[in-house]
Amino acid sequence: MNFVVPDFYPAAAEIFVAVMALVIMLAGAFARSVRWLAYTLTQLTLVGAALITIFVPSVDVSYTFSGMFVSDLFGNVLKLLIYLAVGVALLYGRGYLADRRMERPEYYLLAVLMTLGMMVMVSANHLLTLYIGLEMMSLALYGMTAFDRDSVRSTEAAMKYFVLGALASGLLLYGMSMIYGATGALDFVSIKDALYFQTANKTVLLFGLVFLMAGIAFKLGVVPFHMWVPDVYQGAPTAVTLLIASAPKLAAFAMTMRLLVFALFELAEQWQAMLMFLAVLSIILGNLAAIAQSNIKRMLAYSGISHMGFMLLGLVAGVVSGETHNAITAYSAAMFYAVAYVLMSLASFGMVLLLARAGFEAEEIDDFKGLNKRSPWFAAMMMIVMFSMAGIPFFIGFFAKLAVLQSVVAAGYVWLAVLAVVMSVIGAFYYLRVVKVMYFDAPADDAPIHAPAEMRVMMSVNGLSIAALGLMPQGLTYLCWIALLASLT
Amino acid sequence: MIISTYTMLSSGSKLALFIALTVLALLAGALLALNARRRLFGCAGARAVGFVGLVAGLPALMMGLSRVEMEMLYRVVPLAPLAGALIAGLFGKAVGRAGAHLVTSFGVLVALAASILIYVDVLAGNTFNDTVYTWMEAGGITFEIGFLIDSLTVMMMLVVTFVSLMVHVYTIGYMSEDPGYQRFFSYISLFTFSMLMLVMSNNFLQLFFGWEAVGLVSYLLIGFWYKRPTAIYANLKAFLVNRVGDFGFLLGIGLIVAYTGSLDYAEVFEEAGNLASLEMAGTGWPLITAICICLFIGAMGKSAQVPLHVWLPDSMEGPTPISALIHAATMVTAGIFMVARMSPLFELSDAALSFVLVIGATTALFMGFLGIVQNDIKRVVAYSTLSQLGYMTVALGVSAYSAAVFHLMTHAFFKALLFLGAGSVIIGMHHDQDMRNMGGLRKYMPITWITSLLGSLALIGFPLFSGFYSKDSIIEAVHAAQIPGAGYALFCVLLGVFVTAFYSFRMYFLVFHGEERFGKAHDAHHHDAHADDDHQDDHHHGLAPGQKPHESPWVVTVPLVLLAIPSVLIGYFTIEPMLFGEWFKSVIFVGDNHVGLSELAASFHSPLGMAVHGLQTAPFWLAMGGVALSWYFYMKRPDIPAAIQRRFSAVHTLLENKYYFDRFNEVFFAAGSRLLGRGLWKGGDQALIDGAVVNGSARLVGWISQASRLLQTGHLYQYAFAMIIGVFVLLTFWFNRG
């Protein structure tokens, strides 16, 4: 058996990030006194990875490591968005962590490892690669959730997250073993071929699919695999909540696409039915439960559940009675939705961080009272985010919902679209309540907003981009569409 | 050496240099010219230097802009006023009063200069019809912003930017005392932007955007003095009446979209033939007629045609520059422009054209009558505007679209002139608008007098003046027309000429000639006219006894002179290309079954010949009769009008009450809709919607959401249990499908 040196170029970004993780670890061990070093190195790592992702690989689909790893436009676009989301989330969280004496090099090390895990997930072309990436990301997240290790809430949240995450991983692995048993293959291309030539045992295959679905649903946080979401979002330090609620959603979307569309596309009719069930439950429960919340992190958690349900609607609409010509449009609508959600999620948790200061968490909706009097500019930014999340024209959230609903209607599920619209109208209530509290209630405290300049600038850019992309959504729409087109055909 | 360095520059840097120098020269010039009055520089030569700067800056601006690509230039035209409006509106405090008027006037100046260059380009035969920005696509319809640049557009652009620039300059003088100075400049620049978007549009969506945007600015400006109850009443009225028109307009656009699936002019016009053969589903009406009448209802609202005219006279509550810009020269002509633009559709429906014709003729004559009994100088001009808009509509009705647009253009100049002249008189009279308190102003305000005389002559259609060419063409076209209603229209427009001449010169004689009535008993009159007026400035209204009016400052008179020139000349120079030449050939479509202007074209030889021939025709003698009669009534025997008023008091009351349109609307529509609203509020809203639907569903949602909260127990084993249940539910899919 001769050993062939694999082609490292398609994985250049991952290798770079892995090396940098070691560098940050060393910096954390030997240069602890240089407080800015780990943060700066992390941001440089993200920038470097972005440059490598843009400039190194060719645009074609290229496989390496014996077909375990794929580099394509779909993956590269998502990776770039992940770097961006992680970078922004770290920028937002830095002041918060410093105020609470949590800004230690290990935090950034975990963040880089999480990023690496997500990159591997996004580029996985093999069930095991996918699983390794997923665990790498999840373990880093568990650690970060418990980062405030003296806080009972934080450790409790991390424990819940870990146990349920382990259960979900078990279900996912079980499903993977079934798929392997049915097809005799672990890499997605071979699985797809096996399905196409109908050499696989369909009963076993579908049984495996159910368990895969459970793992996917846990990562996306959709009902009934959502129970960890509110507790973890509330319990984790807000900076970590921001990390959990942003980039991992893109990675989870990539995982969903890789497993269901890239590998198991032949089973589309089956998994669509399951996704529809999950999506409907999520939209209903997420929106209704969010109304009853008084803690804004919890409210945003439930809102995230309903948004993920909405995103799944795009995946439901791909294949209609054997016809696949709408598939790319529908999947790109889902991708657009995921990107839009990450943008809005960053901005909304970013606002919670912006209002927090040493010894004070701006976690309650009441803490937003009279924000307009304290800072009209950031009140306007929060209003943009809330309007966008509620799907009010003409912010990005509106176009995301519109695109998904259009593909749902095109697939003939008019009842589904009606249900989704009704639920988002109900959902508009709790978003608008935040706006009402900011503009019409008297401020509870009038402490000035205390945040570093770079955070204020980034927050404004984030808020304005939500408005700007609402006015000019075509660029992003096209990007999602072309990424899927180039990678799927 | 400087020259050799210059020649070495790339064309891009040359352009940048040009524009930078030009902006500097113009701004410095304007600053010096305007601020010399306030002795900012304390130097007598400052103003002279400023004028040199302005004079040198303008050609430089033109040269600079001429190097810009045409497609960029199209964008510059609407965006320059928008930028001015935003700066003056959002940063009004920071830029100050002088900053506000400089930046807005400069924006409009750039738009005018760019329009002139585009005009030259169109003259050379280049047209443009393309999308510049796609906003979104939904259900197969694209929503985009696009420009259609052809001869009709460029003519409107020139008129709008020119009149707007004049009004900007004039406003510097007229509003100098007003606390809302920056706000005012922001509004008028925003209006210019909206109007340009309207005329430059190549699709119905953008047309509608501009349509509503000009309506909005008009609303804001009528109520500019928002502390006056009359102004608030007037702007609400304008808003509501325009809603009625817009409803029709929107229905028309909706029908077009429903049957053609496109918002683009060119695509719709291509489908026009098919539309003509269709019937409206469910009713059996010819589709094209329904579309055209719906669109025209929109035009009736905007262009103030009977019975949707009621808002225009009240709009005179706004400051005078606005009356000139919006309610005389530009916005109200949007309806005329729109119908002319839609000529390929209107030509297919004789019924719609007859409807247009009858409405226009009625407006032309009966609104003219109302001008006779008004005593407020602005209201006379307002009714004259209504009547002239009627003339334009008549021209549309007889398929003489180019004559309508031609009259639109000439009217824009002379009506803006008359309004600004009236404004100048109002300044001279210290904000007294009652003509009964004027008289003999000729010697005190010579420039205002001579320009108003020229404007009035243009309005009544005196040969060689611009109004003569446009109005005579319309009358000739009506004379030649065959479609139903043409006889009635001919009667109306001919009698209208007499009425126009009568009220115009009634105003002219009352204001500028005869006995000096100001400074006497003005208290009795104008205080009841403005009983509830708390105009914020510290003017006391009208002249004190013994005080004499004086000529207005140069920022007021210069626009008058600049507007007087086209009012007199433009008809003579443009009638041939516009009406009978190639100018509108590819833009305006006249069906073979309609006469349009072809008969007139056959007998036309030269503008001079037309003027000479005009001397022998009925309209000229009718106009002269009107002038003579008004001279006799108001100069020679002022007792006669009073006697007639006593004798025919019923007619006079009818006219004073404007045919009771307002009363009818108030009693029937306003009270009726209030009644309906109350019923829906009590029965529908409070009982059904609030009670059952809103509160009921809110309670239900609240209950479910509280219940869902109970699910989240916080116990880890229950969470895991939920996941296992989820797996089992998903397994049922496997049992069912597998």
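Residues numbered from 1 in each chain as written. Chains lettered and ligands numbered in written order. Predicted model: local features only at pLDDT ≥ 70, side-chain atom pairs only at ≥ 80, totals over all residues. Heavy atoms only, no water.

Student: Describe the packing of helix H16 (residues 350-372) of chain B against helix H17 (residues 377-397) of chain B, naming the residues involved and giving the relevant values.
Tutor: Residue and element names in this part refer to chain B. As a packed pair, H16 and H17 sit with axes 7 Å apart at the nearest point and diverge in direction by 160°. Our classification of the angle between H16 and H17 gives roughly antiparallel. Along this stretch, H16 crosses H17, giving a crossing that reads as left-handed. For the pair formed by H16 and H17, the contact residues are Leu353, Val356, Leu357, Gly360, Ala361, Thr363, Ala364, Met367, Gly368, Leu370 and Gly371 on the first element and Val380, Tyr383, Leu386, Ser387, Gly390, Tyr391, Thr393, Val394, Leu396 and Gly397 on the second. Among the residues making up the contact of H16 with H17, the classes are represented as 13 nonpolar, eight polar and no charged. (Axes fitted to C-alpha atoms, helices over the stretch in contact; angles between N-to-C directions. Helix = DSSP H or I, 4+ residues; strand = E, 2+ residues; numbered from the N terminus. Parallel < 35°, antiparallel > 145°, perpendicular 65-115°, else oblique. Left-handed = near helix turned anticlockwise from the far one by under 90°. Contact = heavy atoms within 4.5 Å. Nonpolar A, V, L, I, M, F, W, Y, C, P; charged D, E, K, R; others polar.)

Student: If you had to explain the packing of aromatic side chains to someone new, which residues and values would you point to?
Tutor: Taken as a whole and judged by the stated rule, the model has 52 aromatic pairs over all chains. Ring geometry for B:Phe462 versus B:Phe465: centroids 6.0 Å apart, planes at 75°, classification edge-to-face. Overall, the relative accessible area of 28% leaves B:Phe462 in the partly exposed class. With a centroid separation of 6.3 Å and 70° between ring planes, the pair formed by B:Tyr469 and B:Tyr572 is classed as edge-to-face. In this pair, B:Tyr469 is assigned in helix H20 (residues 466-480) and B:Tyr572 in helix H23 (residues 554-580), connecting sequence segments 103 residues apart. Assessed through its relative accessible area of 29%, B:Tyr572 is described here as partly exposed. Members of the aromatic cluster, each reached through a chain of ring pairs, are A:Tyr142, A:Tyr161, A:Phe162, A:Phe218 and A:Trp228. Between A:Lys401 and the ring centre of A:Phe310, over which it is positioned, the NZ or CZ distance is 4.9 Å. (Phe/Tyr/Trp six-rings, centres within 6.5 Å; stacked < 30°, edge-to-face > 60°. Buried < 20%, exposed > 50% of the residue type's maximum accessible area, 1.4 Å probe, protein only. Lys NZ or Arg CZ within 6 Å of the ring centre and 35° of its normal.)

Student: Pulling in residues and values, what's your account of the interface of chain A and chain B?
Tutor: With 43 residues of chain A at the contact, the number on the chain B side is 31 residues. Between chain A and chain B, a total of about 3,200 Å² is buried, with carbon and sulfur atoms accounting for 76% of that surface. Counting across the chain A and chain B interface gives zero salt bridges. Split by residue class, the side of chain A that touches chain B holds 33 nonpolar, six polar and four charged. (Buried area = accessible area lost by both parts, 1.4 Å probe. Salt bridge = Lys/Arg side-chain N within 4 Å of Asp/Glu carboxyl O.)

Student: Go over the pairing of strand E2 (residues 141-149) of chain B with me, naming the residues and quoting the values.
Tutor: Residue and element names in this part refer to chain B. Within E2, seven of the nine residues are buried, leaving the element largely enclosed by the surrounding structure. Sheet topology note: the strand E1 (residues 128-138)/E2 ladder contains nine bridges and is antiparallel. The residue of E2 that forms the bridge with Asp130 is Phe147. (Pairing = 2+ DSSP bridges.)

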